[in-house]
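Listed below are the residues making up each chain.
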Amino acid sequence: MRTALVAGNWKMNGDSAFINELMSSLTTAAGSSNIDVLVCPPAVYLSQVKEFTQSCSIALGAQNVSEHPNGAFTGEISLAMLNDLGCEYVILGHSERRSLYGETDTVVADKFIAAVDAGLKPILCVGETLEERESGATIDIVSRQLKAVIDSAGIDKFSDAVVAYEPVWAIGTGKTATAEQAQEVHAAIRAILAESDSVIAAKIRILYGGSVNAANAAELFANEDVDGGLVGGASLKANDFIAICHAAGA
Ligand code: PGA
């Protein structure tokens with residue numbers, strides 16, 4: 001049995017006061033959960049959030065990381081720094097990183113390898129644009145994004161990894177994939193992984209992301225191959241995020 005994971009991707013939102021309020025509510029609710037819960041704040045607030053997560057079962061993650069170990073990379077953050085701050089997970093290849101910051105499949109694969117080697121658990125994001133879905137290319141796109149990492153990193157590096165299927169057209173739009181659309185792609189992702197290693201494929205968690213909210217989470221998470229969610233907007237509202245966590249644990 002796979003333990004569900006609900007991850008909050010706060011993106012570039014919040015300030016110190018907001019984060020204190022949000023984390024106070026989340027840690028109060030965290031206690032008896034039978035799922036894994038993760039928050040990924042902006043990097044400058046990782047230490048502040050760590051103050052809360054160190055005394056409860058919520059895990060800490062980052063939204064991005066450099067593929068380089070250290071050096072002259074102005075504005076970048078290294079894996080050693082994330083380890084130093086107590087991060088367990090790192091989101092990689094989010095569609096906003098791919099489309100706005102030019103991250104290619106190769107860069108994402110390099111980050112994935114570096115993250116695993118540094119002992120962090122990568123959350124590898126894949127997903128198609130609306131145009132790609134409408135032209136029937138969804139599985140091809142997701143397969144290309146996934147295989148780029150499998151081919152470069154090797155399947156063994158997926159042992160502790162997480163994959164997130166995030167259709168680009170569903171991110172921040174209020175438009176969610178239907179339960180059937182999500183299950184179809186999640187099953188395809190698992191099948192692609194199984195071509196390399198059926199044990200890893202059976203055990204890996206595949207999250208759905210894209211306008212997950214308190215109202216639609218239960219239906220999405222009820223699918224066999226949907227093992228939780230990567231949640232953006234709704235992770236900034238304590239009650240909504242808690243409701244999504246409960247839906248994953250039900
Ligand atoms: P959203 O974002 O829930 O606001 O659609 C999800 C994500 O980008 O990870």
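Below is a short write-up of the structure. (Residues numbered from 1 in each chain as written. Predicted model: local features only at pLDDT ≥ 70, side-chain atom pairs only at ≥ 80, totals over all residues. Heavy atoms only, no water.)

**A short note on the packing of aromatic side chains**
Part 1: Considering all chains together, one arrives at two aromatic pairs under this definition.
Part 2: Positioned above the aromatic ring of Y101 is the side chain of R97, whose terminal nitrogen or guanidinium carbon lies 4.3 Å from the ring centre. (Phe/Tyr/Trp six-rings, centres within 6.5 Å; stacked < 30°, edge-to-face > 60°. Lys NZ or Arg CZ within 6 Å of the ring centre and 35° of its normal.)

**Regarding the site of the ligand**
Part 1: Surveying the vicinity of the ligand reveals 13 residues, the closest of which are K11, H94, E166, G172 and S211.
Part 2: In the environment of the ligand, an oxygen atom lies 2.7 Å from a nitrogen or oxygen atom belonging to the side chain of K11.
Part 3: In this structure, an oxygen atom belonging to the ligand sits 2.6 Å away from a main-chain N or O atom of G172.
Part 4: Of the residues in the shell around the ligand, the class split is four nonpolar, seven polar and two charged. (Near = heavy atom within 4 Å. Polar contact = N/O pair within 3.5 Å; in protein donor to acceptor, adjacent residues only side chain to side chain. Nonpolar A, V, L, I, M, F, W, Y, C, P; charged D, E, K, R; others polar.)

**Quick notes on the nonpolar core**
Part 1: Among the nonpolar cores identified, the biggest contains 70 residues, and F158, I189, L193 and F221 are the most heavily contacted of them.
Part 2: Look past the residues within four positions of F221 in its chain and what remains in contact with it is V6, V212, V226, G228, G229, I244, A247 and A248.
Part 3: Judged by nonpolar contacts, the second largest core, of 13 residues, contains L5, L38, A59 and Y89. (Core = buried A, V, L, I, M, F, W, Y, C linked by side-chain atoms within 4.5 Å. Buried < 20%, exposed > 50% of the residue type's maximum accessible area, 1.4 Å probe, protein only. Contact = heavy atoms within 4.5 Å.)

**A word on the side chain of D105**
Part 1: Relative to the helices and strands, D105 is located in helix 5 (residues 105-117).
Part 2: A distance of 2.9 Å separates a polar atom in the side chain of D105 from a polar atom in the side chain of R98.
Part 3: Of the polar contacts made by the side chain of D105, one reaches the side chain of R144; its length is 2.8 Å.
Part 4: Those residues in contact with D105 that lie beyond four places of it in its chain are R98, R144, Q145 and A148. (Helix = DSSP H or I, 4+ residues; strand = E, 2+ residues; numbered from the N terminus.)

**Here's the deal with the side chain of S235**
Part 1: Structurally, S235 is set in the loop between strand 8 (228-231) and helix 11 (238-249).
Part 2: Look at S235 and you get buried, because its relative accessible area is 0%.
Part 3: Side-chain polar atoms of S235 contact the backbone oxygen of G232, separated by 2.7 Å.
Part 4: When sequence neighbours within four positions are dropped, the list of residues in contact with S235 reads G8, N9, W10, L22 and F241.

**Description of the environment of I139**
Part 1: Relative to the elements of secondary structure, I139 occurs in helix 7 (residues 138-153).
Part 2: Residues I139 and A188, spaced 49 residues apart in sequence, show a C-alpha to C-alpha distance of 7.2 Å.
Part 3: What I139 contacts, discounting residues up to four positions off in sequence, is V185 and A188.

**With respect to helix 2 (residues 46-53)**
Part 1: For helix 2, the full list of buried residues reads L46, Q48, V49, F52 and T53. The arc that holds the buried residues of helix 2, viewed along the axis, is 160 degrees, so those residues lie on one side.
Part 2: Turning to helix 2, the residues buried within the fold contact helix 1 (16-30), strand 2 (36-40), strand 3 (59-62) and helix 3 (79-84). (Arc of directions from axis to C-beta.)

**Some details on the pattern of salt bridges**
Any two side chains of opposite charge can pair, on the condition that their charged atoms come close.
Part 1: Considering all chains together, one arrives at 13 salt bridges under this definition.
Part 2: Its salt-bridge partner being E88, residue K121 comes within 2.6 Å of it at the nearest N-O pair. Of the two residues, K121 is situated in strand 5 (residues 121-126) and E88 in the loop between helix 3 and strand 4 (89-92); the sequence distance between them amounts to 33 residues.
Part 3: On the basis of relative accessibility, which here comes to 23%, the residue K121 falls in the partly exposed class.
Part 4: For R144, the salt bridge is made with D105, and the minimal N-O distance between the two is 2.8 Å. Taken as a pair, R144 in helix 7 and D105 in helix 5 lie far apart in primary sequence, 39 residues in all. (Salt bridge = Lys/Arg side-chain N within 4 Å of Asp/Glu carboxyl O.)

**Section: the sheet that holds strand 5**
Part 1: Pairing is parallel in the closed barrel, where eight strands are placed in the order 1-2-3-4-5-6-7-8. Going across the sheet, the axis of each strand differs from the next one's by a mean of 25 degrees, ignoring polarity. (Pairing = 2+ DSSP bridges. Axes fitted to C-alpha atoms, helices over the stretch in contact; angles between N-to-C directions.)

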